[in-house]
Amino acid sequence: MANMTKVFRVDLSTGVILEVQRWERRLSDMREDFASVEVVEEILSKENPLIYEVYETRPISTKIGELVCCTTILYPGKVANEYYMTKGHYHQDPNSSEVYLVLSGQGFLLIKQGRETSALFLEKGSLAYIPPGCAHRVVNTGHTPLVFFAVYPVQAGHDYERAKQEGFGLRIVDKEGQPCVAKS
Ligand code: M6P
Ligand code: ZN
């Protein structure tokens, strides 16, 4: 009985999962992720905005097959003309996939498989499957938080370095008030 699961409460209006671990990324944690490093430093000289926060339930054991469930609240905003986004990662385990379900907001999922990156539109109710071996990043192009629920195997691991070195090849930018997919 020791490993019996419990039932968690998700506040569906905000994405907050009650009584679980919370972590966050501020702009200072993403110094080299946005295209304009100069604008990042200029913003950081005045403030350090919250870009997103994650609420996650971790299984007690780390046995293969156990799942992590989490919500991400990605705030609206821009660095120069580039919308706020998650850092983006590959899974260290090449066999680990992931599922995203959007609870509110609008944006894009950048998903890179091999040399090809797709920008998939996301809105409330979007269900996205991320196959094993793909880099993935979420971008908020709306005026409200983009909130999504994610599930992935506990053994997945996050490889940020590879995603950063390779880049996604696409960025989502504001062009005259409209989100636009740009090559980078
Ligand atoms: C989702 C999941 C998490 C991830 C988080 C933030 O909730 O994919 O595994 O940590 O988004 O994304 P990142 O780790 O790329 O900053
Ligand atoms: Zn992932």
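Predicted model only: the values in this text are computed from it and were never measured.

Attention now moves to the packing of aromatic side chains. Under the defined criterion, the tally for this structure stands at four aromatic pairs. Ring geometry for Phe108 versus Phe121: centroids 5.7 Å apart, planes at 70 degrees, classification edge-to-face. Of this pair, Phe108 sits in strand β8 (residues 106-113) while Phe121 sits in strand β9 (residues 116-123), and the two are 13 residues apart along the sequence. Judged by its relative accessible area of 41%, Phe121 falls in the partly exposed class. Taking NZ or CZ as reference, Arg25 lies 5.0 Å from the ring centre of Tyr160, over its face.

This part is about the environment of Gly114. With respect to the helices and strands, Gly114 occurs in the loop between β8 and β9. A sequence separation of 19 residues divides Gly114 from Gly133, and the C-alpha atoms of the two residues are 8.4 Å apart.

Looking now at the site of ligand 1. Taken together, 16 residues surround ligand 1, and among them Tyr52, Thr72, Glu98, His158 and Tyr160 come closest. Taking Tyr52, its side chain carries an N or O atom lying 2.4 Å from an oxygen atom of ligand 1. Within the contact set of ligand 1, an oxygen atom lies 2.7 Å away from a side-chain nitrogen or oxygen of His158. When the free accessible area of ligand 1 is taken as 370 Å², the share hidden by the protein chains comes to 99%. Listing elements by their share of the shell around ligand 1, those giving two or more residues are β1 (21-26), β3 (67-74), β7 (98-104) and β12 (146-153). When residues of the shell around ligand 1 are assigned to their parent elements, the largest contribution, three residues, is made by β12. Here the shell around ligand 1 is composed, by residue class, of eight nonpolar, five polar and three charged.

The next subject is the pattern of salt bridges. Side-chain pairing between opposite charges can occur once the charged atoms of the two side chains come close. This model, assessed by the stated rule, comprises 11 salt bridges. Two residues, Asp174 and Lys78, come together in a salt bridge whose shortest N-O distance is 2.7 Å. In this pair, Asp174 sits in strand β14 (residues 170-175) while Lys78 sits in strand β4 (residues 78-79), placing the two residues 96 residues apart along the sequence. Note on Lys78: relative accessible area 37%, which makes it partly exposed. Put simply, Arg22, Glu24, Arg26 and Glu53 are held in one network by salt bridges that share partners.

Attention now moves to the nonpolar core. Counting 40 residues, the largest nonpolar core has Leu27, Phe34, Tyr100, Leu109 and Val138 as its most contacted members. Setting aside its immediate chain neighbours within four residues, Leu109 contacts Tyr100, Ser118, Ala119, Leu120, Leu122, Ala128, Ile130, His136, Arg137 and Val138. Counting residues in hydrophobic clusters, the runner-up holds six residues, among them Ile17, Tyr55, Ile73 and Val147.

Cut-offs used in this document
- By convention here, each chain's residues receive numbers from 1 onward along its written sequence.
- Each chain takes a letter, starting from A, and each ligand takes a number, starting from 1, following the order in which they are written.
- Reporting of local features is limited, given that this is a predicted model, to residues whose pLDDT is at least 70; pairs of side-chain atoms are given and counted only at 80 or more, and all residues count toward the totals for whole chains, interfaces and linings.
- The basis for the side-chain values is all heavy atoms of the structure; hydrogens and waters are excluded.
- Here is the rule: rings of Phe, Tyr and Trp (six-membered ring for Trp) pair when centre to centre is within 6.5 Å. Planes less than 30 degrees apart are stacked, more than 60 are edge-to-face, and the remainder are tilted.
- Secondary structure elements are defined from DSSP: runs of H or I of at least 4 residues count as helices, runs of E of at least 2 residues count as strands, and each element is numbered from the N terminus.
- Only protein chains enter the accessibility calculation, which uses a 1.4 Å probe; a residue whose area is less than 20% of its type maximum is buried, one above 50% is exposed, and one in between is partly exposed.
- Criterion for a charge above a ring: Arg CZ or Lys NZ at most 6 Å from the ring centre, at most 35 degrees from the ring normal.
- Proximity is defined per residue: if any heavy atom of the residue lies within 4 Å of a molecule or strand, that residue is considered near it.
- For this analysis, a polar contact is any N or O atom pair within 3.5 Å, provided that within protein one partner can donate a hydrogen and the other can accept it, and provided that sequence-adjacent residues contribute only side-chain to side-chain pairs.
- Here the open area of atoms and residues is found with the Shrake-Rupley method and a 1.4 Å probe, where only the protein chains shown may cover a residue.
- Under the convention adopted here, Pro, Cys and the residues Ala, Val, Leu, Ile, Met, Phe, Trp and Tyr are nonpolar, Asp, Glu, Lys and Arg are charged, and Gly plus all remaining residues are polar.
- A side-chain nitrogen of Lys or Arg and a carboxyl oxygen of Asp or Glu constitute a salt bridge if their distance falls within 4 Å.
- Buried residues of nine kinds, namely Ala, Val, Leu, Ile, Met, Phe, Trp, Tyr and Cys, make up a nonpolar core once their side-chain atoms join them within 4.5 Å.
- Only heavy atoms enter the contact rule, under which two residues are in contact if any of them lie within 4.5 Å.

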